[in-house]
Amino acid sequence: MKYIIKKFGMMVATLLVVSLCVFLAFNIIPGDPALKMLGTEASPELVEQVRAEMGLNDPVLVRYARWFLNFIRGDFGTSYNYKVPVGSMILSKIPITLTMGIMAFIMTVLVSIPMGIVTAKHENGLLDRSITVINQVIMAIPPFFSGILITFIFGMILRLFTPGGFVNYTADFGKFVRYLIFPAVAIALPKVAMTVKMLRGSLIDESLKDYARTAYSRGNNTNGVLYRHILKNAVIPVITFLGMALADMIAGSIVIEQVFSIPGISRILLTSISNRDYPVVEAIIMGIAMIVIVVNFLVDVIYRIVDPRIGLEDE
Amino acid sequence: MSKARKDLKRNIKSNPYLLAGLIITGLILLMTIVGIFWTPYEPTAMNASEKLKGVSFRHLMGTDNMGRDIFSRVMYGSRITLLIAIGTVAIGAGVGTIIGALTGYFGGMLDEVMMRIIDALFAFPSILLALVIVSVFGTGWIQLLVSLGIAFVPSFARIVRGEVLRCKNMDYVENARLQGVSDFRMIFVHIVPNIKGVMASSIMIGFNNAVLAEAGLSYLGVGSQPPYASLGKMLSDAQQYMFTMPSYVLFPGAVIVLMVLGFAFLGEGISRWK
């Protein structure tokens, strides 16, 4: 319990550090947000009035605290360009990005764990060697390029889906998920390759340890030792990796959304960056960072449940 | 024959990763370096009568939608991509090594605070960090280079810190300490050179990740600006012509893949160096 409290404290600390960094980064930008909202023809008096209304004359830390508290309450500010609350612009898009990331994550787990076990079991066999080589190549393909290739092969030649034919989840959830399968594959591919490589290495390392030999000497067969003894220890580093991979996949979907022209978070983020619509950029970056940090906390907790030895020195 | 050359020769024979990495990276470097002095066509020269042509002797990789020679553009684009990768790794490894070495060597409060910040940055996907920096400082390849460099600091700092922690109680360090070596000299003259093996392979992995990150961000349009294009930008321009002229997409993509693969093999090869 103490371990979880400590990790929770660290999560809150990380969140504060990251939010402060994001806030400061967008505060050192030259340019007056009030002027930006009103346009360059506004009179100085009006600008000054809006500045006071927006609280821009307060000290930096006061502004940060206000911004952060508003963020926690779900008030992300107002877009400079569209003059609407940022929340209304992005909240409906979050499920799209999140669904895609989670689908990619599920694929990664379902494919890579059996594959890792098979390759480790037949270490240096033909299957193991060919999977290792294929994995090296897959890791070298940027997800957006595999996305382009997938669109070409499965979308245009085999016609398994219509490129650009995205259906929103509000319209038809089944079709929505079906369209996201191929983008999710593009995100998952390199992660699958990395996870297989990692699990394979970890399994082989564990199988050389004394406890594995003891388990054999007690008359267990290969599968018995593998599934009841080695696997439990070998998945621990893989869980850490998968936690970071999930965070990466959610962030990585920014590029993939662009490839498959999915109107998710990414499109708003990119147009807001080029329009210098900072409240929107700030909110999206903070939102993704928050998801990432919470996911990392959950991984730490799961980690502790899987391996009770971790964090014992804190108890 | 010197010892270094003998070592290299023996390793190349026993280590297929190293050989493959050297060959692939060598070819990419050759193409890029030749591209500095000579390209078959001017990379930005448009030719309205040769739009979207396929592979031929006149145009080894075909032409793009503006009639520009793709091979010339790939030669130029890999120079931008490689320069950004080198700059990124130089910043990441340079700053990361200093932070990692100092925190690992001195420990204490400095270590605690720095590592918390590094952990926070590490948890932050590098693509997001780069997007924050690009949105603050504007788009362009220098901004991209700096932002990726900062994004790469945490991983190098962590690796170096771990290695320094491992080394700092070894006999040779104790020995040097007895001789009255200063802390600064101890870190950068005694310890850091002894972790060069680990550094070399993480630098190669760094190149590998930098090329991938650069390609992804350029694809999003925040990197080098037209008419010159890095490989990632070429791909995003090419995507809509995928069906009419696949070679326009395939060649820049293949060069990125080869570049990444070369560095990955080199990294793998160096970590298996005997």
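Residues numbered from 1 in each chain as written. Chains lettered and ligands numbered in written order. Predicted model: local features only at pLDDT ≥ 70, side-chain atom pairs only at ≥ 80, totals over all residues.

Colleague: Mind showing me how you'd approach the overall build of chain A here?
Modeller: Across its full length, chain A holds 13 helices and zero strands. Sequence-ordered secondary structure for chain A, helices as α and strands as β, is α-α-α-α-α-α-α-α-α-α-α-α-α. (Helix = DSSP H or I, 4+ residues; strand = E, 2+ residues; numbered from the N terminus.)

Colleague: Before we go on, may I ask you to explain the overall build of chain B in this structure?
Modeller: Across its full length, chain B carries eleven helices and zero strands. Along the chain direction, N to C, the helices and strands of chain B fall in the order α-α-α-α-α-α-α-α-α-α-α. Taking the principal axes of the C-alpha coordinates as reference, chain B spans close to 75 × 50 × 30 Å. Counting only contacts in chain B whose residues sit at least 6 apart along the sequence, the fraction spanning at least 24 positions is 69%. (Contact = placed C-beta atoms within 7 Å.)

Colleague: Quick question: what am I supposed to make of the interface of chain B and chain A here?
Modeller: Note on interface size: it is often stated as the accessible area lost on association of the parts. Between chain B and chain A, the residue contacts involve 30 residues of the former and 35 residues of the latter. Elements with a contribution of two residues or more to the side of chain B that touches chain A: α4 (108-123), α5 (126-137), α9 (196-219) and α11 (246-271) of chain B. When its residues are assigned to classes, the side of chain B that touches chain A shows 24 nonpolar, four polar and two charged. (Nonpolar A, V, L, I, M, F, W, Y, C, P; charged D, E, K, R; others polar.)

Colleague: Honestly, unusual backbone geometry in this entry has me stumped. Any pointers?
Modeller: A negative phi angle characterises most non-glycine residues, just as the trans form characterises most peptide bonds. Residues and elements named next belong to chain A. One non-glycine residue with positive phi stands out, namely N124, at about 65°. Here N124 is to be found in the loop between α6 (94-121) and α7 (126-139). Judged by C-beta crowding, with 10 C-beta atoms within 10 Å, N124 ranks as exposed. Backbone geometry places R159, a non-glycine residue, at a positive phi of 55°. As for its placement among the helices and strands, R159 is situated in the loop between α8 (143-157) and α9 (173-207). Taking the C-beta count within 10 Å as the criterion, R159 has 9 such neighbours and is therefore assigned exposed. (Buried ≥ 20, exposed ≤ 12 C-beta atoms within 10 Å, placed from the backbone.)

Colleague: Before we go on, may I ask you to explain the environment of D205 of chain A in this structure?
Modeller: Residue and element names in this part refer to chain A. Within the element layout of this structure, D205 appears in helix α9. According to the C-beta neighbour criterion, D205 is partly exposed, with 14 such atoms within 10 Å. D205 sits 74 residues away from I131 along the chain, and the two C-alpha atoms are 19 Å apart.

Colleague: Please explain the packing of α9 of chain B against α11 of chain B as it appears in this structure.
Modeller: For any two helices packed against each other, one specifies the inter-axial angle together with the distance between the axes. Residue and element names in this part refer to chain B. At a closest axis distance of 7 Å, the pairing of α9 and α11 adopts a crossing angle of 165°. Accordingly, the angle class assigned to the pair α9 and α11 is roughly antiparallel. For the pair α9 and α11, the crossing hand works out as left-handed. For the pair α9 and α11, contact is made by A200, S201, M204, I205, F207, N208, V211, L212 and A215 and by I256, M259, V260, F263, A264, L266, G267, I270 and S271, respectively. (Axes fitted to C-alpha atoms, helices over the stretch in contact; angles between N-to-C directions. Parallel < 35°, antiparallel > 145°, perpendicular 65-115°, else oblique. Left-handed = near helix turned anticlockwise from the far one by under 90°.)

Colleague: Would you explain the nonpolar core in this entry?
Modeller: Side chains of nonpolar character tend, in soluble globular proteins, to be buried together. By size, the foremost hydrophobic cluster in this structure holds 157 residues, and its most contacted members are I284 of chain A together with L128, A130, V211 and V260 of chain B. With residues near it in sequence (within four places) discarded, I284 of chain A still touches I90, I265, I268 and L269 of chain A. (Core = buried A, V, L, I, M, F, W, Y, C linked by C-beta atoms within 7 Å.)

Colleague: Explain the packing of helix α11 (residues 222-259) of chain A against helix α12 (residues 265-275) of chain A here, please?
Modeller: All names here are of chain A. For the pair α11 and α12, the least separation of the axes is 8 Å and the interaxial angle reads 95°. Our classification of the angle between α11 and α12 gives roughly perpendicular. On α12, the residues touching S253, I254, E257 and Q258 of α11 are S266, R267 and L269. A class-by-class count of the residues in the contact of α11 with α12 yields two nonpolar, three polar and two charged.

Colleague: How should helix α10 (residues 210-217) of chain A be read in this particular structure?
Modeller: Helical geometry: 3.6 residues make up each α-helical turn, so side chains three or four residues apart lie on a common side. Taking burial as the measure, the eight residues of α10 of chain A include zero buried ones, a minor fraction of the element. Looking at the residues trailing α10 of chain A, positive phi occurs at G219 of chain A, about 95°.

Colleague: How should I be thinking about the environment of V134 of chain B in this particular structure?
Modeller: Summarising the element assignment, V134 of chain B is placed in helix α5. Judged by C-beta crowding, with 21 C-beta atoms within 10 Å, V134 of chain B ranks as buried. Taking C-alpha positions, V134 of chain B is 44 Å from K9 of chain B, a pair spaced 125 residues apart along the chain. If sequence neighbours within four positions are ignored, V134 of chain B has contacts with I273 of chain A together with T139, Q143, L144, S147 and V222 of chain B.

Colleague: Just checking my understanding: could you explain the environment of N168 of chain A for this structure?
Modeller: Residues and elements named next belong to chain A. The residue N168 is located in the loop between α8 and α9 in this model. Taking the number of C-beta atoms within 10 Å as the measure of exposure, N168 has 16 and is therefore partly exposed. The spatial distance from the C-alpha of N168 to the C-alpha of P263 is 8.8 Å, given a sequence separation of 95 residues.

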